[in-house]
Amino acid sequence: MDIQQVMVVGAGQMGAGIAQVCATYGYNVTLHDIEEEHVEKGLKSIRKQLERQVNKKQISQSDMDRFLQRIHLSTKIRNSESQDIIIEAAVENIEIKKSIFADLDKFAPDHAILATNTSSLSITEIAAETKRPEKVIGMHFMNPVRVMKLVEIIRGLATSDETFRVVKKMAESLNKSTVEVNDFPGFVSNRILMPMINEAIYTVFEGVATVEDIDEVMKLGMNHPMGPLTLADFIGLDTCLYIMETLQEGIGDDKYRPCPLLRKYVKAGWLGKKTGRGFYNYSN
Ligand code: CAA
């Protein structure tokens, strides 16, 4: 199957990034969210990113105009009826994702692939909401989408070889490298990344070192581009907590228990960069 029409469901940080990359590499993109305000905000962030690239002379103004012309906005899930692939990047909540997939299954054409950008939830469970589980797959982009080279492709229990092949080819056409992963909580990326972040939070919780010094150890000592606490703020502490809960519940091992300090910050609404406060203060 030749993919031309791509719908991205969810116009937040990840959805906007995926839409931008797809438009850059020649796909016609429909960026969808439930509220007009959300899609407008997503488009605004894409425009800002592209302007930055124009200012750095990485792309020309006419490239930017061409990329933006390929992006259409949608608030009606029925618009999935003209798509070849739908990539869902909505909030990381299994009930919400299941409901989106049930709707997509009603409207999307029979040939369409339904992909999810979930960072830890079960592809198999999401696929079971549809009558086409063989066409449901995980397509996990990393943040920031334009910069990070990896797409983790996750096969649900029923995902067909053909669906896997088409999605791999599409990810490669976006200049990404892919890895093939089987459906298991957290896949590979978050099975390894999140316990490290959670351990860094325990290290703050137990007063072993300051937030800045913990980050410094991992940056200067291990050559990580960002310290784990900066990275947690960047990902969103609510997302980090949700992924740890998914690991703990899904694998059934308390070694994945979320740090109480992470819970406390989420309860306080300190969700990281997006709310101006997390392990660091972004109010300035
Ligand atoms: N959004 C979009 N692009 C960004 C960005 C952002 N927030 N921050 C930086 N960039 C871009 C810059 O525009 C620049 O692009 P060009 O090379 O094309 O000019 C590039 O990233 C490098 O930026 P800088 O030189 O300013 O900064 P840097 O060298 O410090 O790199 C970084 C920034 C790429 C974000 C780097 O710090 C990094 O790699 N951090 C780790 C990111 C990471 O681990 N991501 C995975 C998160 S986990 C995930 O996504 C999965 C999940 O399920 C939770």
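Counting restarts for each chain, with residues numbered from 1 along the sequence as it is written. Local features in this predicted model are restricted to residues whose pLDDT is 70 or higher, and side-chain atom pairs enter the listing and the counts only when it is 80 or higher, whereas totals over whole chains, interfaces and linings include all residues. With hydrogens and water stripped out, all remaining heavy atoms of the structure feed into the side-chain values.

K.L.:
Got a minute to help me understand the nonpolar core in this structure?
P.N.:
Within soluble globular proteins, side chains that are nonpolar tend to cluster in buried spots. Residues grouped as a nonpolar core are buried Ala, Val, Leu, Ile, Met, Phe, Trp, Tyr and Cys residues, joined through side-chain atoms within 4.5 Å. Buried means the residue's accessible area, taken with a 1.4 Å probe over protein chains only, is under 20% of the maximum for its type, while exposed means over 50%, and partly exposed covers the values in between. Counting residues in hydrophobic clusters, the biggest one holds 41 residues, and the most contacted among them are V6, I85, I87, M139, F141 and M170. Here this core gets seven residues from one element, more than from any other, and that element is helix α1 (residues 13–24). Residue contacts follow a heavy-atom distance rule, with two residues in contact if any of their heavy atoms lie within 4.5 Å. Those residues within four positions of V6 in sequence are excluded, and the remaining contacts are C22, Y27, N28, V29, T30, Q83, I85, I87 and M170. Counting residues in each nonpolar core, the second largest holds 24 residues, with I201, V211, C240 and C259 among its members. Put simply, DSSP H or I for four residues or longer makes a helix, DSSP E for two residues or longer makes a strand, and each gets a number counted from the N terminus.

K.L.:
Where do I start with helix α10 (residues 237–251) in this structure?
P.N.:
Given a rise of 1.5 Å per residue, 15 residues ought to cover 21 Å, and the 21 Å separating the end C-alpha atoms of α10 matches this to within 8%. Buried within α10 are the following residues: L237, C240, L241, I243, M244, T246 and L247. Summarising the contacts, the buried residues of α10 are in contact with α7 (189–205), α9 (228–235) and α11 (260–268). Working rule for helices: expected span equals 1.5 Å times residues minus one.

K.L.:
What am I meant to see in the site of the ligand here?
P.N.:
We call a residue near a given molecule or strand whenever any one of its heavy atoms falls within 4 Å of it. Taken together, 18 residues form the shell around the ligand, and within it K56, S119, H140, N143 and N190 come nearest. R146 has a polar side-chain atom sitting 3.1 Å from an oxygen atom of the ligand. Separating an oxygen atom of the ligand from a side-chain N or O atom of N190 is a distance of 2.8 Å. For the ligand, the accessible surface in isolation is 1000 Å², of which the surrounding protein chains cover 64%. Looking at the shell around the ligand, the elements that each hand over two or more residues are α7 and α9. With three residues, the single largest contributor to the shell around the ligand is α9. Amino acid classes used here: Ala, Val, Leu, Ile, Met, Phe, Trp, Tyr, Cys and Pro are nonpolar; Asp, Glu, Lys and Arg are charged; the rest, including Gly, are polar. Across the shell around the ligand, the residue classes tally to 10 nonpolar, six polar and two charged. Residue-level mapping places the shell around the ligand at the junction of two domains, with at least three residues from each of domain 1 (5–182) and domain 2 (190–274). Distance and chemistry together define a polar contact, namely a pair of N or O atoms within 3.5 Å, with one atom able to donate a hydrogen and the other to accept it when in protein, and with adjacent residues in sequence counting only for side-chain atoms on both sides. Accessible surface is estimated by sampling points in the Shrake-Rupley manner with a 1.4 Å probe; for residues, cover comes only from the protein chains shown. For every domain, the bounds stem from an assignment made automatically or drawn from a database.

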